[in-house]
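Inside the fold
Each chain, written out:
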Amino acid sequence: MMPKLILFFLWVAIVSPCWLSAADERPNILFIFCDDHATQAISAYGGPLANVAPTPNIDRIAKEGVLFKKCYVTNSICGPSRAVVLTGKYSHLNGFTKNSDTFDGSQQIAPKLLQKAGYSTAIVGKWHLKSEPTGFDHFEVLKGQGEYYNPRLRTSEGIEVHEGYVTDIITDHSIDWLESRDSKKPFFLMSQHKAPHGRWEPAIRHLEFLADEEVPEPITLFDDYSGRSQAAAQHAMGIADHMGDHRLMFQYSSKHTPEQKAALDAYFVPRNKAFHEASLEGKDKTRWHYQRYIKNYLRCVKAVDESVGRLLDYLDDNRLSENTIVIYSSDQGFYLGEHGWFDKRWMYEESFRTPLLVRWPGAVEPGSTNQNDIVSNLDFASTFLDVAEAPIPEDLQGESLLPVFRGETPEKWRKTHYYHYYESGGHGVPLHYGVTDGRYKLIRYPEPHLNTWELFDIEGDPLELESRYDDPALSDVQNGLHSELKRLQSLYEVPE
Ligand code: CA
């Protein structure tokens, strides 16, 4: 008997080492990532829209976790931000500087390292990096920008159309994967929404939301761009002049079923007709555009908020909440009429800043706000790895946020942040780069048609309406930021 028993244990030890080891207690990571979701449209961040369009489920992450006020992106545009999140490296090193690029999936990325560390990995939803996802046990990603209705999802098996509303479908499929995953391993799930990226097609159930309300206008809706360089005035992202028929829902972008189209027509067609018959001009027309835009944007956010609630409930119902870190963020912020704009790209606060809310029971103080630490999407890759207790390679340029989550920010934590936008001319936004210390911001526009600088005092001028560049009162600040810009360009190996 004895030799047989020994052989049996030997067999188990060799064939199935997990059987003898303790259960893997490392935390699960749920990363909920939106597209173009501005902090102004999350009620936990406060602001004039908080009461108009509350986001109770996203706010729940803040109530049970920590909210960051100064999470900045390195390059405020969709694809490049995603490449930074995966690699933990600036655009010039990960090779994806512009949306027109194709991501090199053969490089080192966090999901591959998590896989290696024994995590089950999946991505569901927006990808937007063209090449096939690597590093995921399971991927199910939108084709290109994705459609709000009846989206096409790409898996390793091919492309399939799924009838329904994209935000709901991404959440359904995220939950399906959680249900079917290898539950012996901890998981890393990137549940990534298209919403609230344009062109904003709300769910039918949300068409009446805000229908009879006037949404407050931002103070800078009619910005005249004086007080700054010529850069901002040359934009092509104005609510007044650049929205076009699809963003205004005079035309639809998705291919709808007859029932979906009938429901959308019932809401939009009579209102469109009334608008065209009124022949509004000037500020009245801009105001109408703004209301049309902001309501559809906030309706898209409402579906995202419901999806966040569904995922949090799923964790609760499956006793996963205690051992799952939930991270909510967006690829960048967005203009909700500030400076008269929709879209992103600029280093001005609304698109430079992105939401970051984190719940991690036992590690993060519930209901806390981090007001001052400068954190970045550059830090996400290192953070995922640190949560998984996996080694963080030396060449990652971000830092693990774990001590910051715990309220134990290291003394040597970054005091400044480097930004670099490459898509010269997209929506009229020139190439620019710069640095902020959280209080002041220096921006360089190097192209010959501008060849200029801007300097803002974010505390004294939070709307960024007056550049103080070459103001003698700020000469020390200006000189300091110039030196810091050079130091960071050298540190991050930015090509000349
Ligand atoms: Ca985006």
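What comes next is a walk through the structure. The residue numbering used here restarts from 1 in each chain and proceeds along that chain's sequence as written. Predicted model: local features are reported for residues with pLDDT of at least 70 only, side-chain atom pairs are reported and counted for 80 or more only, and whole-chain, interface and lining totals are derived from all residues. Only heavy atoms go into the side-chain values, all of them from the structure, while hydrogens and water stay out.

**Considering the coordination of the calcium ion**
Quick note on the threshold: With water excluded from the atoms, a metal site may look incomplete; its donors are any N, O or S atoms within 2.8 Å, or within 3.2 Å for Na, K and Ca. Between 85 and 135 degrees for all angles marks four donors as tetrahedral; over 155 degrees for opposite donors together with 65 to 115 for all other angles marks four donors as square planar and six as octahedral; every other arrangement is irregular. Helix numbers and strand numbers start at the N terminus; a helix is a DSSP run of H or I with at least 4 residues, a strand a run of E with at least 2. Working definition: with a 1.4 Å probe on protein chains only, accessible area under 20% of the residue-type maximum means buried, over 50% means exposed, and in between means partly exposed.
With distances of 2.2 to 2.7 Å, the protein atoms coordinating the calcium ion are Asp-35 (OD), Asp-36 (OD), Cys-78 (SG), Asp-331 (OD), Asp-331 (OD) and Gln-332 (OE1). Coordination at the calcium ion comes from six donor atoms whose angles at the metal span 52 to 161 degrees, giving a geometry best classed as irregular. Counting along the primary sequence, the residues that act as donors to the calcium ion give the motif D-D-x41-C-x252-D-Q. Separated by 296 residues along the polypeptide, Asp-35 in the loop between strand S1 (28-34) and helix H3 (56-63) and Asp-331 in the loop between strand S9 (324-330) and helix H11 (349-352) bring together distant segments of the chain. As far as the burial class goes, Asp-35 and Asp-331 line up, both buried.

**Regarding the sheet that holds strand S4 (residues 120-125)**
Note the threshold: Pairing between strands requires that DSSP locate at least two bridges from one strand to the other. Here an axis means a line fitted to C-alpha atoms, over the contact stretch when the element is a helix, while the angle between two N-to-C directions is reported on a 0 to 180 degree scale. Contacts are residue-level and defined by heavy atoms, with any inter-residue pair within 4.5 Å sufficient.
What the 10 strands build is an open sheet, ordered S7-S6-S5-S4-S8-S1-S9-S10-S2-S11; its pairing is mixed. Each of the sheet's edge strands pairs with one partner strand only, and the pair in question is strand S7 (158-161) and strand S11 (368-370). Across the sheet, the axes of successive neighbouring strands diverge by a mean angle of 15 degrees, strand direction being ignored. Across the sheet, helix H4 (residues 78-87) is in contact with S1 and strand S8 (187-192); its angle to S1 comes to roughly 170 degrees.

**A few points about the pairing of strand S16 (residues 452-457)**
Two faces make up the sheet, and in a regular strand the side chains alternate between them. Sheet topology places strand S15 (residues 440-445) next to S16; six bridges connect them, and they run antiparallel. Note on S16: the bridge partner recorded for Lys-441 is Phe-456. Where S15 hands over to S16, the hairpin turn is made up of six residues, of which Asn-451 adopts a positive phi near 45 degrees.

**Regarding the packing of helix H9 (residues 258-278) against helix H10 (residues 282-317)**
Our working rule: For classification, angles of less than 35 degrees are called roughly parallel, those exceeding 145 degrees roughly antiparallel, those between 65 and 115 degrees roughly perpendicular, and all remaining angles oblique. Note: crossing handedness is left-handed where the near helix turns anticlockwise from the far helix by less than a right angle, and right-handed where it turns clockwise. Residue polarity is assigned by list, with Asp, Glu, Lys and Arg as charged and Ala, Val, Leu, Ile, Met, Phe, Trp, Tyr, Cys and Pro as nonpolar; anything else, Gly included, falls into the polar class.
For the pair H9 and H10, the least separation of the axes is 12 Å and the interaxial angle reads 165 degrees. With respect to each other, H9 and H10 are oriented roughly antiparallel. Considering only the axes of H9 and H10, their crossing is left-handed. Contacts between H9 and H10 involve Tyr-267, Phe-268, Arg-271, Asn-272 and Phe-275 from the former and Lys-285, Trp-288, His-289, Arg-292, Asn-296 and Arg-299 from the latter. Of the residues assigned to the contact of H9 with H10, the class counts are four nonpolar, three polar and four charged.

**Section: the packing of aromatic side chains**
We count it as follows: For Phe, Tyr and Trp, rings pair up if their centres lie within 6.5 Å, where Trp contributes its six-membered ring, and each pair is then called stacked (planes under 30 degrees apart), edge-to-face (over 60) or tilted (otherwise). The rule for a charge over a ring is simple: NZ of Lys or CZ of Arg within 6 Å of the ring centre, and within 35 degrees of the ring normal.
All told, the structure shown has 31 aromatic pairs when counted by the stated rule. Seen from their ring centres, Tyr-267 and Phe-268 are 4.9 Å apart, and the 90 degrees between their planes marks the pair as edge-to-face. For Tyr-267, a relative accessible area of 6% translates into the label buried. In textbook terms, an aromatic cluster arises when at least three aromatic residues are bridged by ring pairs, as seen for Tyr-225, Tyr-335, Trp-341, Trp-346, Tyr-348 and Phe-456. One residue, Lys-283, lies across the ring of Phe-222, its end atom 4.8 Å from the ring centre. Over the aromatic face of Phe-209 sits the side chain of Lys-302, whose NZ or CZ is 4.5 Å from the ring centroid.

**Thoughts on the pattern of salt bridges**
The condition is simple: A pairing counts as a salt bridge when a side-chain nitrogen of Lys or Arg comes within 4 Å of a carboxyl oxygen of Asp or Glu.
In this structure the tally under the stated criterion is 29 salt bridges. Here Glu-217 ties to Arg-287 by a salt bridge, and the two come within 2.8 Å at their closest N and O atoms. On the criterion of sequence distance, the pair formed by Glu-217 in the loop between S8 and helix H8 (244-247) and Arg-287 in helix H10 is long-range, its members being 70 residues apart. Residue Glu-217 is classed as partly exposed on the basis of its relative accessible area, which comes to 30%. Among the ionic contacts, a cluster of salt bridges with common partners joins Asp-36, Asp-343, Lys-344, Arg-345 and Glu-423.

**So, H4**
The element H4 is largely enclosed, with a buried count of 10 among its 10 residues. Three or more residues of H4 are buried, namely Cys-78, Gly-79, Pro-80, Ser-81, Arg-82, Ala-83, Val-84, Val-85, Leu-86 and Thr-87. Looking at the residues trailing H4, positive phi occurs at Gly-88, about 70 degrees.

**Considering the nonpolar core**
The line we're drawing: Working definition of a nonpolar core: buried Ala, Val, Leu, Ile, Met, Phe, Trp, Tyr and Cys residues. They are joined through side-chain atoms within 4.5 Å.
In this structure, Tyr-297 and Tyr-328 are the most contacted members of the largest nonpolar core, which totals 91 residues. Ranked by the residues each element gives to this core, the list is headed by H10, at 14 residues. For Tyr-297, the residues in contact, after removing those within four places along its chain, are Asp-36, His-37, Ala-38, Ala-41, Pro-196, Trp-200, Phe-334 and Leu-336. Grouped together as the second largest cluster of nonpolar side chains are 45 residues, Ile-123, Val-141, Met-190 and Ala-363 included.

**What to know about the pairing of strand S5 (residues 138-142)**
Of all the five residues making up S5, four are buried; the element is thus mostly covered by neighbouring parts of the structure. Pairing between S4 and S5: four bridges, direction parallel. Across the sheet, the residue bridging to Ile-123 is Phe-139, located in S5. The pairing of S5 with strand S6 (residues 152-155) spans two bridges and is antiparallel. Following the sheet pairing, Val-141 is matched in S6 by Arg-154.

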